[in-house]
Amino acid sequence: MELLDGKKILGEIKLELSQKVQNYIQKGRRAPCLVAVLVGDDGASQTYVASKERNSIECGFTSRALRFDASMTEDALLLEIEKLNADPEVDGFIVQSPLPKHISAQRVFDAINPEKDVDGFNTINSGRLMKGMNSFVPATPLGIVELLKRYNIDTQGKHCVVIGRSDIVGRPMSILMSLPSQFGNATVTLCHSKTKDLKQFTLQADIIIAALGKPEFLTGDMVKDGAVVVDVGITRIDDNTKKSGFRLSGDVKFDEVAPKCSFITPVPGGVGLMTIASLLQNTMKAYEAKNNL
Ligand code: NAD
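(A) Region of the structure containing the packing of helix α6 (residues 139–150) against helix α10 (residues 271–290). Relative to each other, α6 and α10 sit at 100 degrees, their axes nearing to 7 Å. When the interaxial angle is binned, α6 and α10 end up roughly perpendicular. Contact residues: α6 offers A139, T140, L142, G143, I144, E146, L147 and R150, while α10 offers V271, M274, T275, S278, L279, Q281 and N282. Of the residues in the contact of α6 with α10, the class split is seven nonpolar, six polar and two charged.

Pasting the structure below:
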């Protein structure tokens, strides 16, 4: 069993990006700029935004977070998005989910200029992905493909079972794995909450991508020997022994599943960090496209 080490690959990607940034700056250009918009005070969202900001700055990007109160109206948020769309110094921006209930997330994502939509949640980017066109792909599925790529995991003709069909993880993941590309071309089964006898599918899988948000759902008896297992789940579990008061749990029962796998991602230290890596890559892509580089 080998760990798919998100921390190591994030480090490699940050080094590649910072070398590019230095190169562009030496040529007299400004650095790429990523902005994160955060509405409300959700603890996990604050941690994610702080981490995105820190990692961007470590690559030499300019980065800032715009923080707003949970009572902000949808119209006020749409106005902020208009300003970011119009700002020539901003290459890409994200609006962190979840948003307060009174705000329509899709309306907000669709207000983002598709060329600055580095989270890939805008309907135009989703459509482009579906058609296999150049697009901004949501960072978590894109990061998973990058991880498979960097470990040279063969996906051609393999059976990939994706568990979870959300717009931001499961469904785009299933599309990426099925695209006719070097790290796609898999035969994909997309399982979800209405799937009957899920185990019969996971037992056939060469690659399992678990993205359902149910701690330790995938157990050893559901996985065949030699499978590649990617754990997307991140759930905070109360834990008084931790300084933070919680620990993070993935969707995979790691101790049971890992011994059966050829490769597996840890939680933390796997997909979460690859999500950041892909967001940084998407920001560089937006910057280069804008500047015809
Ligand atoms: P979601 O709640 O939007 O979707 C969950 C999906 O799982 C649904 O499509 C549902 O049909 C399916 N599901 C639920 N119960 C199931 C069951 N018993 N059997 C089969 N399918 C079932 O969640 P999401 O936004 O896709 O996130 C999933 C998990 O991934 C969460 O833990 C989330 O925190 C985590 N996540 C991690 C990252 C990261 O960067 N690592 C990014 C996004 C989400």
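(B) Structural context of the site of the ligand. What surrounds the ligand is a group of 22 residues, the closest being R165, S166, H192, I234 and T275. Here a nitrogen atom of the ligand and a backbone polar atom of H192 are 3.4 Å apart. Here S193 contributes a backbone N or O atom positioned 3.1 Å from an oxygen atom of the ligand. If you map the ligand onto the pockets, it falls in the largest pocket. Counting residues per element, the shell around the ligand draws most heavily on α10, which supplies three residues. Tallied by class, the residues present in the shell around the ligand amount to ten nonpolar, ten polar and two charged.

Analysis parameters
Residue positions are given per chain, counting from 1 as you read along its sequence in written order. This being a predicted model, a pLDDT of at least 70 is required before a residue's local features are given, and a value of 80 or more before pairs of side-chain atoms are given or counted; all residues contribute to the totals for chains, interfaces and linings. Only hydrogens and water are set aside; all other atoms, that is, all heavy atoms of the structure, feed into the side-chain values. Angles shown run from 0 to 180 degrees and are taken between the N-to-C directions of axes, each axis being a line fitted to C-alpha atoms and, for helices, limited to the stretch in contact. Helix numbering and strand numbering both begin at the N terminus, where a helix is a DSSP run of H or I of at least 4 residues and a strand a DSSP run of E of at least 2. Oblique is the label for any angle not covered by the other classes, which are roughly parallel (under 35 degrees), roughly antiparallel (over 145) and roughly perpendicular (65 to 115). Should any heavy atoms of two residues lie within 4.5 Å, those residues are considered in contact. Charged means Asp, Glu, Lys or Arg here, nonpolar means Ala, Val, Leu, Ile, Met, Phe, Trp, Tyr, Cys or Pro, and polar covers whatever is left, Gly included. What makes a residue near a molecule or strand is one non-hydrogen atom of that residue sitting within 4 Å of it. Polar contact is defined as a pair of N or O atoms within 3.5 Å, subject to the rule that within protein one atom must be able to donate a hydrogen and the other to accept it, and that residues adjacent in sequence are counted only when both atoms are side-chain atoms. Grid points spaced at 1 Å over the protein atoms alone were grouped into cavities, where a 1.4 Å probe fits but cannot get out, and pockets, open sets with protein on both sides within 12 Å along at least five of seven lines, with lining residues defined by an atom within 4 Å of a point. Any molecule with more than half of its atoms within 2 Å of a cavity's or pocket's grid points is counted as sitting in it.

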